[in-house]
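Each chain, written out:
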Amino acid sequence: STALLLLLCTGFRRGEASELKWENVNLDDCLIEVVSNAVVVKGKGVVVKDPKTEGSARTIQIPEVLCDRLMEYKNWYYEQKRIMGERWNENEGHLFINLDTGKRIYPTTMLNWVNKVLGKAGLGHWTNHSMRHTNITLKLYNGVPLIEVSGDAGHSRTSTTTDIYSHYLKTRRSAG
């Protein structure tokens, strides 16, 4: 549920979320910095790359509800590390880990988690990118300035956001 809340509140791409490390999370100021992206490369497994675009390297303010949840999760995380002892594979401090090994999760694992939670809630099948679209659309709906929405989404230009969400922006304009 922490991963789902993170995806909904941040709009992160799954590779950004799976590569997220504790050193990039400032719980005192409720900020998260995106500095890398994990991608799956056929024949090589998970490869860490720079963020998708120049604008994708970013720091975003997160809502207090997510910050509080991450504080709880961090306590749980370090308790799991203590319980696992030598079985814990030092994973460079990734937030989301495989509970059997302590290693960073595979980026597609997020999709499994999302569908498990949404299935239990009777909300059907979504993708990680659905969470991203929901986040961006909600921000636009609530009047968050386009430049801020684009920056939080990691879009290099506001035109990327307007191109992708033009259908929503048109609907919003005619309804308002």
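In case you missed it, the structure is sitting above this.
Every value quoted in this text rests on a predicted model; they were computed, and no experiment measured them. Starting afresh in each chain, residues are numbered from 1 along the sequence in its written order. For a predicted model such as this one, the threshold for reporting local features is a pLDDT of at least 70, and the threshold for listing and counting side-chain atom pairs is 80 or more; totals across whole chains, interfaces and linings nevertheless cover every residue. In computing side-chain values, all of the structure's heavy atoms are included and hydrogens and water are not.

(A) Inspection of the overall build of the chain at higher detail. Secondary structure follows DSSP: runs of H or I at least 4 residues long count as helices, runs of E at least 2 residues long count as strands, and numbering of each begins at the N terminus. Tallying secondary structure elements over the chain gives seven helices and five strands in all. Put simply, the chain runs from its N terminus to its C terminus through helices and strands in the order α-α-β-β-β-β-β-α-α-α-α-α. All radius of gyration figures rest on C-alpha atoms, and the globule criterion is 2.2 Å times the number of residues raised to 0.38. Computed over the C-alpha atoms, the radius of gyration of the chain is 17 Å, within 12% of the 16 Å expected from 2.2 N^0.38 for a compact globule of 176 residues. Counting only C-alpha atoms and orienting by the principal axes, one finds that the chain spans roughly 60 × 35 × 35 Å. Pairs at least 24 apart in sequence give 53% of the contacts found in the chain among residues at least 6 apart. Looking at charge distribution, the chain has the averaged site of its 23 positive side-chain charges lying 10 Å from that of its 19 negative ones. Throughout, a contact is declared for two residues whenever any of their heavy atoms are within 4.5 Å. Only four residue types enter the tally: Lys and Arg on the positive side, Asp and Glu on the negative side, with His and both chain ends excluded. Just so you know, the charge point we use is NZ for Lys, CZ for Arg, CG for Asp and CD for Glu.

(B) View of unusual backbone geometry. Residue C30 is not a glycine yet carries a positive backbone phi of 55°. Its location among the elements puts C30 in the loop between β1 (25–26) and β2 (31–34). The classification of residues rests on relative accessible area computed with a 1.4 Å probe and restricted to protein chains. Under 20% of the type maximum is buried, over 50% is exposed, and intermediate values are partly exposed. Assessed through its relative accessible area of 13%, C30 is described here as buried.

(C) Examining the side chain of T2 more closely. Relative to the assigned elements, T2 resides in helix α1 (residues 2–10). Looking at T2, the relative accessible area reads 3%, which means it is buried. In contact with T2, other than residues within four places in its own chain, are R69, L70, Y73 and F96.

(D) Region of interest: the pairing of strand β4 (residues 45–49). Two strands are said to pair when DSSP picks up at least two bridges between them. For strand β3 (residues 37–41) and β4, the ladder comprises five bridges, and the chain directions are antiparallel. Looking across to β4, one finds that V39 is bridged to V47.

(E) Summary view of the packing of α1 against helix α4 (residues 109–120). Contact geometry for α1 and α4: axes closest at 9 Å, N-to-C directions at 100°. Relative to α4, α1 is oriented roughly perpendicular. Here A3, L4 and L7 of α1 come into contact with α4, specifically with M110, W113, V114, V117 and L118. Considering only residue class, the contact of α1 with α4 consists of eight nonpolar, no polar and no charged. Axis definition: a line fitted to C-alpha atoms, over the contacting stretch in the case of helices. Angles run 0 to 180 degrees between N-to-C directions. Small angles under 35 degrees read as roughly parallel and large ones over 145 as roughly antiparallel, with 65 to 115 read as roughly perpendicular and the rest as oblique. Amino acids are sorted into nonpolar (Ala, Val, Leu, Ile, Met, Phe, Trp, Tyr, Cys and Pro), charged (Asp, Glu, Lys and Arg) and polar (every other residue, Gly among them).

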